[in-house]
Amino acid sequence: MRIASCPKEIWDAKAFQCGFCLAGTVLCTVASSNMDDADLATAQAGNLCRCTGYQNIVAAGTALRNADRDDDS
Ligand code: FES
């Protein structure tokens, strides 16, 4: 788990706009980054994001999961 680099994946995926939800989004993304995309979306259920529609947040989680796999190999 790479919490220090998570904001890069969130930034690269354009997973936030106003930043209101960012703290919860980052924590949930890191905590659920070993999950598949459906479970990543479910894991964000407690975060209210009024800007993004969540697709880019899930994309950031996918990017983080893939980055973690690259680090493991
Ligand atoms: S980026 Fe604005 S509420 Fe999530």
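All figures in this text were calculated on a predicted structure; none of them were measured in a lab.

Visitor: Just give me the short version of the packing of aromatic side chains, but keep the residues and values in it.
Guide: Throughout the structure, instances matching the rule amount to one aromatic pair. Each ring, one from Trp 11 and one from Phe 16, has its centre 6.1 Å from the other, and the planes form 50°; the classification is tilted. Taking the relative accessible area as the measure of exposure, Trp 11 reaches 61% and is therefore exposed. On the basis of relative accessible area, Phe 16 is assigned to the partly exposed category, the value being 24%.

Visitor: So, helix H2 (residues 22–31): which residues are in play, and what are the values?
Guide: When we look at burial in H2, the residues that qualify are Thr 25, Val 26, Thr 29 and Val 30. What you see down the axis of H2 is that its buried residues fit within an arc of 120°, all on one side. The exposed residues of H2 that point more than 90 degrees off its buried face are Ala 23, Leu 27 and Ala 31.

Visitor: Tell me about unusual backbone geometry, residues and numbers included.
Guide: Unusually for a residue other than glycine, Lys 14 sits at a positive phi of about 50°. Tracing the backbone through its elements, the reader meets Lys 14 in the loop between helix H1 (6–12) and H2. Assessed through its relative accessible area of 60%, Lys 14 is described here as exposed. With phi around 75°, Tyr 54 is a residue other than glycine that occupies positive phi space. In this fold, Tyr 54 is placed in the loop between helix H3 (37–43) and helix H4 (55–72). Residue classification places Tyr 54 among the partly exposed positions, given a relative accessible area of 28%.

Visitor: How would you sum up the environment of Gly 19? Please name residues and give values.
Guide: Position of Gly 19 among the secondary structure elements: in the loop between H1 and H2. Through-space distance from the C-alpha of Gly 19 to that of Cys 49 is 8.8 Å; in sequence the pair is 30 residues apart.

Visitor: Run through the pattern of salt bridges, naming residues and quoting values.
Guide: Summed over the entire model, instances satisfying the criterion amount to two salt bridges. Between Lys 8 and Asp 12 there is a salt bridge; the shortest N-O distance is 2.5 Å. Note that Lys 8 and Asp 12 are positioned in helix H1 at a spacing of four residues, about one turn of the helix. Overall, the relative accessible area of 45% leaves Asp 12 in the partly exposed class. Arg 65 is paired through a salt bridge with Asp 37; the nearest N and O atoms lie 3.3 Å apart. Highlighted residues: Arg 65 in helix H4 and Asp 37 in helix H3, separated in sequence by 28 residues.

Cut-off values and rules
Residues numbered from 1 in each chain as written. Predicted model: local features only at pLDDT ≥ 70, side-chain atom pairs only at ≥ 80, totals over all residues. Heavy atoms only, no water. Phe/Tyr/Trp six-rings, centres within 6.5 Å; stacked < 30°, edge-to-face > 60°. Buried < 20%, exposed > 50% of the residue type's maximum accessible area, 1.4 Å probe, protein only. Helix = DSSP H or I, 4+ residues; strand = E, 2+ residues; numbered from the N terminus. Arc of directions from axis to C-beta. Salt bridge = Lys/Arg side-chain N within 4 Å of Asp/Glu carboxyl O.

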